[in-house]
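Chain and residue survey
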Amino acid sequence: LSNLKLLLKNKINFFINNIENYNDVYIDANFIKKNNEKYSILLLNKINNYRNHKFSPFYSLPENLIRSIALSLPLDHKLLIKLHPHDAYGNIYIINEVMKHHNVKLLNTKTSLAKVLPIAQIVFSQSTSSSIEALMYYKHLIMFGNDLQFFGTKFDIVHRVTNLENLPKLIEKLLIS
């Protein structure tokens, strides 16, 4: 019942407070192809998904991850956020955080990962199965927490962030390589 209340509250707040900013927040694959910019992608899990709380409880609030990544990226780099398909209407907290940063946009929920993963230089992920898809495109994958779902603790192809203060240096290292 509390999840239903949260979902309804988010949808109502979204339509009341942010409908005028809707076009400024969301972009689609066609817009990305027209621009010659550098992109990274954050793959989010469903709101209140148990995996976030189980595998990376200190990194379970997506708005905090968005802020940390946006501040850690180089100035000429944009962060695209791919919401989980079940969160099609967005989350008011995520949308508010996106609107605070010039270098962050939400991907249209109908945008396929197959269209945007090839252009991404780095993929950030919570505990989501879409992170496996990023590896199939040979992308640098950064996940948050020590014990990662699907990868455990001894999978070297995934870069772990266990301290957000180390994130800018890791991003710089991966963009150079």
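The structure this text deals with has already been given above.
Scope of this entry: the structure provided in the associated data block. Given the structure is predicted, the values throughout are model-derived calculations rather than measurements.

Each value, and the rule that gives it
- Residues numbered from 1 in each chain as written.
- Predicted model: local features only at pLDDT ≥ 70, side-chain atom pairs only at ≥ 80, totals over all residues.
- Heavy atoms only, no water.
- Pairing = 2+ DSSP bridges.
- Helix = DSSP H or I, 4+ residues; strand = E, 2+ residues; numbered from the N terminus.
- Contact = heavy atoms within 4.5 Å.
- Axes fitted to C-alpha atoms, helices over the stretch in contact; angles between N-to-C directions.
- Buried < 20%, exposed > 50% of the residue type's maximum accessible area, 1.4 Å probe, protein only.

So, the sheet that holds strand β5 (residues 120-125)
- What the seven strands build is an open sheet, ordered β1-β4-β3-β2-β5-β6-β7; its pairing is parallel. Of all strands in the sheet, those bounded by a partner on one side alone are β1 (26-27) and β7 (158-161).
- Alignment of β5 against strand β6 (residues 140-144), held across four bridges, turns out to be parallel. Within β6, the residue paired with S125 across the bridge is M143.
- Across the sheet, helix α6 (residues 92-99) lies against β1, β3 (77-82) and β4 (104-107), angled at about 140° from β4, the strand it touches most.

Considerations on helix α5 (residues 62-72)
- Most of α5 sits inside the fold, with eight of its 11 residues counted as buried.
- Within α5, burial applies to P62, E63, L65, I66, S68, I69, A70 and S72.

Description of unusual backbone geometry
- Even without being glycine, Y138 reaches a positive phi, approximately 55°.
- Tracing the backbone shows Y138 in the loop between α8 (130-136) and β6.
- Looking at Y138, the relative accessible area reads 79%, which means it is exposed.

Shape is all these values report; function is a separate question.
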